[in-house]
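Structural overview for review
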Amino acid sequence: MHSLPAQPVVQLRHVSKEYYRDKLRIPVLADTSLDIPAGEFVAVMGPSGSGKSTLLNLCAGLDRPTTGTIVVAGQDLGELSESQLTRWRSEHLGFIFQLYNLMPVLTAFENVELPLLLTNLSRRERARHVETALRIVGLEDRMHHYPRQLSGGQEQRVAIARAIVTDPVLLLADEPTGNLDAVAAVEVLDLLAQLNAEFGKTIVMVTHDPRAARRAHRILHLEKGRFEEADIEAIERGRSSGGDGERRRSPRAPSAEIAG
Amino acid sequence: MDKLGDGLRELVTGPDRWLNLGLLAGGFMVLALLTLAARALLRIPLKYTLRSLRARWVSSLMTLFGAALVVWASVLAFGLAAGLDHTLQVSSDPLDLLALRKGATAETSSIIEESLARQIATLPGIATNQRGQPLCSPELVVVVNKPRRTGGGHANVLVRGVTPVARELRPNFRLIAGRLPRTGLREAMTSPSMAGRFYGCRLGESLEVWGSQFRIVGLFTCGESAAESEVWTDLKVLGQTSKRPNLLSSVQLRAASPSAMAVLKDRLVNDEQFALKAVTEAEYFAEQAVAGLAIKIVGRIISFFLTIGACFAVANTMFGAVASRAREIGTLRALGFSRSNILAAFLIESLVLAMLGGLLGCLATLPLNGLSTGTANWQTFSEITFAFRFGPKVLLQGAALSVLMGLIGGMLPALRAVLMNTVEALREV
Ligand SMILES: Nc1ncnc2c1ncn2[C@@H]1O[C@H](COP(=O)(O)OP(=O)(O)OP(=O)(O)O)[C@@H](O)[C@H]1O
Ligand SMILES: [Mg+2]
């Protein structure tokens, strides 16, 4: 399919991140190093508050590490100014959110077109890209629907189309199935696996769901500010005995429309 | 609706049409250029802005109407001031002189012997008409109290006795209906706006002055000057009727040149034979315009405070918009839109809001265009008729006001959107 270049897509070197709230130091990541090679599909698990979202935000350049360096797609993020980071993000990253984060006043087509408005593509080229992206996620017939006219699973697929429309090297997904019922979750996971396998997208997916994590090549477990390669079997065992302490944020009730 | 059409028609067919159209074209060009410049900043599509406004249509509409009301009231105030300015200035030829009794501040309180006027007419330096007659007009004014046609009550009307030369001193004089009053008869003429405002002033009606009936035989316009607030009749007849034979209120004359004007003025004021007060028309009306000044000042003050209020309304709506769309803003940032993109989008949003309101406010004033009203002239206590004038200047003032409201009201909320921490904005539910 494709050859893995020597340079990993994501490279964390001795990264630490701490927040301060009312002079109280909140350490989140502690001296973390991590390589994610191109083409890999990685799941990140860990208890709530362990810093999974923070990790994604750091990789996206939305937040800066307290110490250490982060290199993404060959670019040391610490070298970029904020406005450069913004531009870089629009060119290299696709972001997928737990709550989809579509603009409610824009149609599926217009939502997917948004990132392309930052490029110099003509209107016709943009339309072609948007249609391709929507076809990949299987929603070309829902192009002119507004988010409120779509099911949660469909909304998330539109959001995925928006994330891939600029053909980024890296997809960052923060609990993409966290708000979906089982059927819709499987559809979204299938889609992510397909993007990884067919289009070679490197994917970092945060999830609380071991079944979702199993779809990845590799599972990283974040706990007390450090990573460890997780043994999925162990997690599943822990889950069945009800002792892993994880929670899902406001799970969505299964809805009949998705199953159809 | 008719009035609206008339207002629009006057904008494109009235005497100022080239200025109006020029300003409109210029405005559009500036707007087009600004749009091009804004395109760089405006990566976030306009439809996002417009539909977001529509999504919160209740608060958008309320703010829009608020802005419309403020612009409407301000444009009315500006239009009132402009109309008054126009009325008081339009007639003054820089070579025109008005001779009054020394110490008089208005024609109504001035008395001049008619014999004096005949002597003035012989002075050198007075311009002459084609027939060689000096442009020197003896005039007598009488104030009568007359019932208003609309709104009830009475108001003072200035009746002016003139000779034919008076018309030559008012180059804008046009007879538009009927005929001129004949010398020696109790006939009079007035303006259409007076005809509409006072009983007895329509063509064919009679106006009672000091117990005598003066038949209105003609209607005239005079470039919207103060003369349009008056009733004109024959000088001799008015003198007899009002029991002031051989007396005048003023003598109007036109100098042949600016230097002749200086000599004439000096002569009229300093020669013991005359010892009059001689002012240019501009000077005279400047003294008269106190009422206008008050209207202007009050209008400006009111529109200033209204505008501040409207800024707060816009700001309030936009703060609400920013707060409720925190996650959308965070998402846009995560997608790669820059801070200036966000700033532009929210500023445009408040501008659209305020400018739509401004447009509505300006449109709502059009039916009033040309509508005449009266204000008491505080020195003669007669009414000066004047029209709201919504020329391009006044409308531009209204437009500028709405842009200002949008920018000032939208700036802080837009800055708040820009300075929002992206990570925290994304955590908002
Ligand atoms: N801006 C901030 N200021 C202070 N503390 C913060 C801030 N952002 C995150 N934190 C803290 O950092 C820690 C990690 O947060 P993060 O959102 O990365 O956790 P998470 O692993 O994504 O949790 P969840 O599974 O609930 O989404 C938490 O303790 C959180 O309270
Ligand atoms: Mg999280």
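All figures in this text were calculated on a predicted structure; none of them were measured in a lab.

**Some words on the overall build of chain B**
The number of helices and strands found in chain B is 15 helices and 14 strands. For chain B, with 429 residues in total, the buried portion stands at 50%. Counting every atom, chain B has about 19,700 Å² of accessible surface; 65% of that belongs to carbon and sulfur.

**Points about the overall build of chain A**
When helices and strands are tallied, chain A shows nine helices and 10 strands. Within chain A, buried positions represent 55% of all 260 residues. Sequence-distant contacts in chain A: of pairs separated by 6 or more residues, those separated by 24 or more amount to 71%. Accessible area of chain A: about 11,700 Å², with a carbon and sulfur share of 49%.

**Comments concerning the pattern of salt bridges**
Residue and element names in this part refer to chain B. Counted according to the given criterion, the structure contains 27 salt bridges over all chains. For Arg 160, the salt bridge identified is with Glu 139, shortest N-O distance 2.5 Å. In this pair, Arg 160 is assigned in strand 4 (residues 154-162) and Glu 139 in strand 3 (residues 136-147), connecting sequence segments 21 residues apart. Note on accessibility: Arg 160 and Glu 139 belong to one class, buried. For the salt bridge of Arg 182 with Glu 187, the shortest nitrogen-to-oxygen distance reads 3.7 Å. The class for Arg 182 is partly exposed, based on a relative accessible area of 47%. Looking at Glu 187, the relative accessible area reads 7%, which means it is buried. Residues participating in the shared-partner salt-bridge network are Glu 107, Glu 139, Arg 160, Arg 170 and Glu 230.

**Some details on the interface of chain B and chain A**
Facing 23 residues of chain B, the contacting portion of chain A comprises 26 residues. Carbon and sulfur atoms make up 63% of the area that chain B and chain A hide from each other, which totals about 2,200 Å². Where chain B touches chain A, the interface holds four salt bridges. Here Glu 110 of chain A and Lys 47 of chain B are joined by a salt bridge, their closest N and O atoms 3.6 Å apart. Joining chain B to chain A, the criterion identifies 11 residue pairs in polar contact (both at pLDDT 80 or more). Among the secondary structure elements, those contributing two or more residues to the side of chain B that touches chain A are helix 3 (46-55), helix 12 (326-335), helix 13 (339-365) and helix 15 (422-427) of chain B. The dominant element in the side of chain B that touches chain A, judged by the number of residues it contributes, is helix 12 of chain B, at seven residues. In terms of residue class, the side of chain B that touches chain A is made up of 10 nonpolar, six polar and seven charged.

**A closer look at the site of ligand 1**
Around ligand 1, 17 residues are found, and the nearest of them are Ser 48, Gly 49, Lys 52, Ser 53 and Thr 54 of chain A. Ligand 1 sits at the junction of chains A and B, each of which supplies nearby residues. Within the side chain of Glu 175 of chain A, a nitrogen or oxygen atom sits 3.4 Å from an oxygen atom of ligand 1. Within the side chain of Glu 424 of chain B, an N or O atom sits 3.3 Å from a nitrogen atom of ligand 1. In isolation ligand 1 has 630 Å² of accessible area, and contact with the protein removes 86% of it. Going through the elements one at a time, strand 1 (10-21), strand 2 (24-36) and helix 1 (52-59) of chain A together with helix 15 of chain B are the ones with two or more residues in the shell around ligand 1. No other element matches helix 1 of chain A, which puts three residues into the shell around ligand 1.

**Some words on the confidence of the model for chain B**
Residue and element names in this part refer to chain B. Scored by pLDDT, chain B comes out at a mean of 83, with 85% of its residues at no less than 70. Per-element confidence in chain B is highest for strand 6 (residues 187-190), whose mean pLDDT is 95, and lowest for strand 13 (residues 372-376), whose mean pLDDT is 52. In the predicted structure, residues 376-382 sits below a pLDDT of 50 and forms 22 contacts with residues beyond four places in sequence or in another chain.

**Comments concerning the packing of helix 13 of chain B against helix 14 (residues 392-419) of chain B**
Residue and element names in this part refer to chain B. Contact pair helix 13 / helix 14: the axes reach a minimum separation of 7 Å and the direction vectors enclose 150°. The orientation of helix 13 relative to helix 14 falls into the category roughly antiparallel. Considering only the axes of helix 13 and helix 14, their crossing is right-handed. Residue classes in the contact of helix 13 with helix 14 are distributed as 18 nonpolar, seven polar and one charged.

**What about a nonpolar patch on the surface?**
Judged by side-chain polarity, Leu 293, Ile 297, Ile 301, Phe 304, Phe 305, Ile 308 and Phe 312 of chain B come together as a nonpolar surface patch covering roughly 740 Å² of accessible area. Turning to its location among the elements, Phe 304 of chain B is positioned in helix 11 (residues 290-324).

**Details of the packing of helix 3 of chain B against helix 13 of chain B**
All names here are of chain B. With their axes 10 Å apart at the nearest point, helix 3 and helix 13 run at an angle of 55° to one another. Here helix 3 is positioned oblique relative to helix 13, judged by the angle of their axes. Viewed along their axes, helix 3 and helix 13 form a crossing whose handedness is right-handed. Residues Leu 46, Thr 49, Leu 50, Ser 52 and Leu 53 of helix 3 lie in contact with helix 13, whose contacting residues are Ala 345, Ile 348, Glu 349, Val 352 and Leu 353. Here the residues of the contact of helix 3 with helix 13 sort into seven nonpolar, two polar and one charged.

**Digging into the sheet that holds strand 2 of chain A**
All names here are of chain A. An order of 2-1-4-5 is seen for the four strands of this open sheet, with the pairing classed as antiparallel. Two strands bound the open sheet, and with one partner strand each, they are strand 2 and strand 5 (75-76). Direction of pairing for strand 1 relative to strand 2: antiparallel, over a ladder of nine bridges. Following the sheet pairing, Arg 21 is matched in strand 2 by Leu 24. Contacts between helix 1 and the sheet are confined to strand 1, strand 2 and strand 4 (67-72), with strand 1 contributing the most and set at about 120° to the helix.

**Topic: the environment of Leu 253 of chain B**
Residues and elements named next belong to chain B. The residue Leu 253 is located in strand 11 (residues 250-254) in this model. Residue classification places Leu 253 among the buried positions, given a relative accessible area of 1%. For Leu 253 and Val 352, which are 99 residues apart along the polypeptide, the C-alpha to C-alpha distance reads 54 Å. Leave out the neighbours within four places in its chain, and Leu 253 touches Leu 95, Asp 96, Leu 97, Ile 120, Ile 126, Leu 135, Cys 136, Leu 169, Leu 264 and Leu 268.

**With respect to the packing of aromatic side chains**
Under the counting rule described, the total for this entry stands at five aromatic pairs over all chains. Ring plane angle 15° and centroid distance 5.7 Å describe the contact between Phe 173 of chain B and Trp 232 of chain B, whose orientation is recorded as stacked. Taken together, the residues span a long stretch of sequence, with Phe 173 of chain B in strand 5 (residues 173-178) and Trp 232 of chain B in strand 9 (residues 230-234) at a distance of 59 residues. The rings of Phe 173, Phe 220 and Trp 232 of chain B are connected pair by pair, giving a single aromatic cluster. Residue placement shows Lys 17 of chain A over the ring face of Tyr 19 of chain A; its charged tip is 5.0 Å from the ring centre. Lying over the aromatic face of Tyr 146 of chain A, Arg 148 of chain A brings its terminal NZ or CZ to 5.2 Å of the ring centre.

**Let's talk about the environment of Arg 339 of chain B**
As for its placement among the helices and strands, Arg 339 of chain B is situated in helix 13. Aside from chain neighbours lying at most four places away, what touches Arg 339 of chain B is Glu 82 of chain A together with Arg 333, Val 418, Leu 419 and Met 420 of chain B. For Arg 339 of chain B, the side chain forms a polar contact with the main-chain oxygen of Val 418 of chain B, separated by 2.4 Å.

**What about helix 5 (residues 114-121) of chain B?**
All buried positions along helix 5 of chain B are accounted for by Glu 114, Leu 116, Ala 117 and Ile 120 of chain B. For helix 5 of chain B, the arc enclosing every buried residue in end-on projection is 150°, short of the 170-degree limit, so these residues lie on one face.

Cut-offs and rules
Residues numbered from 1 in each chain as written. Chains lettered and ligands numbered in written order. Predicted model: local features only at pLDDT ≥ 70, side-chain atom pairs only at ≥ 80, totals over all residues. Heavy atoms only, no water. Helix = DSSP H or I, 4+ residues; strand = E, 2+ residues; numbered from the N terminus. Buried < 20%, exposed > 50% of the residue type's maximum accessible area, 1.4 Å probe, protein only. Areas by Shrake-Rupley, 256 points an atom, 1.4 Å probe, with all protein chains shown as cover. Contact = heavy atoms within 4.5 Å. Salt bridge = Lys/Arg side-chain N within 4 Å of Asp/Glu carboxyl O. Buried area = accessible area lost by both parts, 1.4 Å probe. Polar contact = N/O pair within 3.5 Å; in protein donor to acceptor, adjacent residues only side chain to side chain. Nonpolar A, V, L, I, M, F, W, Y, C, P; charged D, E, K, R; others polar. Near = heavy atom within 4 Å. pLDDT = per-residue confidence, 0-100. Axes fitted to C-alpha atoms, helices over the stretch in contact; angles between N-to-C directions. Parallel < 35°, antiparallel > 145°, perpendicular 65-115°, else oblique. Left-handed = near helix turned anticlockwise from the far one by under 90°. Patch = residues over 30% accessible without salt bridge, like charges linked within 9 Å, V, L, I, M, F, W, Y side chains within 5 Å. Pairing = 2+ DSSP bridges. Phe/Tyr/Trp six-rings, centres within 6.5 Å; stacked < 30°, edge-to-face > 60°. Lys NZ or Arg CZ within 6 Å of the ring centre and 35° of its normal. Arc of directions from axis to C-beta.

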